[in-house]
Amino acid sequence: MKGLDLQKNPRGHIVVDEFLRVESRLGVYDAGDCAGVEVDGHHLPALAQATEQEGATAARNLVAEIRGVDLAPFRYHYLG
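Along each chain, numbering runs from 1 in the same order as the chain's sequence is written. In keeping with the predicted nature of the model, local features appear solely for residues at pLDDT of at least 70, side-chain atom pairs appear and are counted solely at 80 or more, and the whole-chain, interface and lining totals rest on all residues. The basis for every side-chain value is the complete set of non-hydrogen atoms in the structure, without hydrogens or water.

A.B. asks: Explain the overall build of the protein chain to me, please; I cannot follow it from the model alone.
C.D. replies: The helix and strand inventory of the protein chain stands at 1 helix and 4 strands. Taken from N to C terminus, the helices and strands of the protein chain fall in the order β-β-β-β-α. Taken over the C-alpha trace, the protein chain has a radius of gyration of 12 Å; the compact-globule value for 80 residues is 12 Å, and the two agree within 12%. Burial classes follow relative accessibility: with a 1.4 Å probe on protein chains only, a residue under 20% of its type's maximum area counts as buried, one over 50% as exposed, and anything between as partly exposed. The buried share of the protein chain, reckoned over its 80 residues, is 34%. Two residues qualify as a contact provided that any one of their heavy atoms is within 4.5 Å of a heavy atom in the partner residue. Of the contacts made within the protein chain by residues no fewer than 6 positions apart, 35% connect residues no fewer than 24 positions apart. Between the mean site of the 8 positive side-chain charges and the mean site of the 12 negative ones, the protein chain shows a separation of 3 Å. Secondary structure is summarised from DSSP: a helix means a run of H or I of at least four residues, a strand means a run of E of at least two, and numbering begins at the N terminus for each. In this treatment the radius of gyration is a C-alpha quantity, and the globule benchmark scales as 2.2 Å times the residue count to the 0.38 power. Residues scored as charged are limited to Lys and Arg (positive) and Asp and Glu (negative), so that His and the chain ends carry no count. Taken as the charge location is NZ of Lys, CZ of Arg, CG of Asp or CD of Glu.

Structure (structure tokens):
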């Protein structure tokens, strides 16, 4: 990930917007451990439940982008 020419946050994670789009690349989404996802000012933990939710949101938003409809912001739901 160090060699990628993408904007990264101070922790070294790729900067994404609320829709999980990579801020410096159009049409590119990021999810999982390398994504700099924040919820209420806190970085999400590197847990499977967060990654699965991010991946689902990124996939839905990619399809929405292709279809030309509104994207949905990522919302994390703690599952316990």
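After presenting the structure, the write-up continues.
A.B. asks: Would you mind going over the nonpolar core with me for this structure?
C.D. replies: Generally speaking, a soluble globular protein has its nonpolar side chains buried in company with each other. In terms of nonpolar packing, the biggest core is built from 16 residues, with Leu-20, Val-37, Leu-44 and Phe-74 touching the most fellow members. Here this core gets 3 residues from one element, more than from any other, and that element is helix H1 (residues 48–67). Sequence-distant contacts of Leu-44, defined by excluding residues within four places in its chain, comprise Val-37, Val-39, Ala-50, Glu-54, Phe-74 and Tyr-76. Put simply, buried Ala, Val, Leu, Ile, Met, Phe, Trp, Tyr and Cys residues joined by side-chain atoms within 4.5 Å make one nonpolar core.

A.B. asks: Could you clarify how one ought to interpret H1 in this entry?
C.D. replies: A turn of α-helix holds 3.6 residues, and therefore any two residues three or four places apart point the same way. The terminal C-alpha atoms of H1 lie 29 Å apart, and with 20 residues this matches the ideal 28 Å at 1.5 Å per residue to within 8%. Of all the positions in H1, only Gln-49, Ala-50, Gln-53, Glu-54, Thr-57, Ala-58, Asn-61 and Ala-64 are classed as buried. In a view along the axis of H1, the buried residues occupy a sector of 160 degrees, so they form one face of it. Facing away from the buried surface of H1 by more than 90 degrees, the exposed residues are Ala-48, Glu-52, Ile-66 and Arg-67. Just beyond H1, the residue with positive phi is Gly-68, at close to 75 degrees. Multiplying 1.5 Å by the residue count of a helix minus one yields the expected span of that helix. What the arc covers is the set of directions going from the helix axis to the C-beta atoms.

A.B. asks: How do you make sense of the pattern of salt bridges when you look at a structure like this?
C.D. replies: Should the charged atoms of two oppositely charged side chains come close, the side chains can pair. When a carboxyl oxygen of Asp or Glu lies within 4 Å of a side-chain nitrogen of Lys or Arg, that pair is called a salt bridge. Throughout the structure, instances matching the rule amount to 2 salt bridges. One salt bridge in this structure joins Arg-21 and Asp-17, with 2.7 Å as the shortest N-O distance. Classification of Asp-17 as buried rests on a relative accessible area of 15%.

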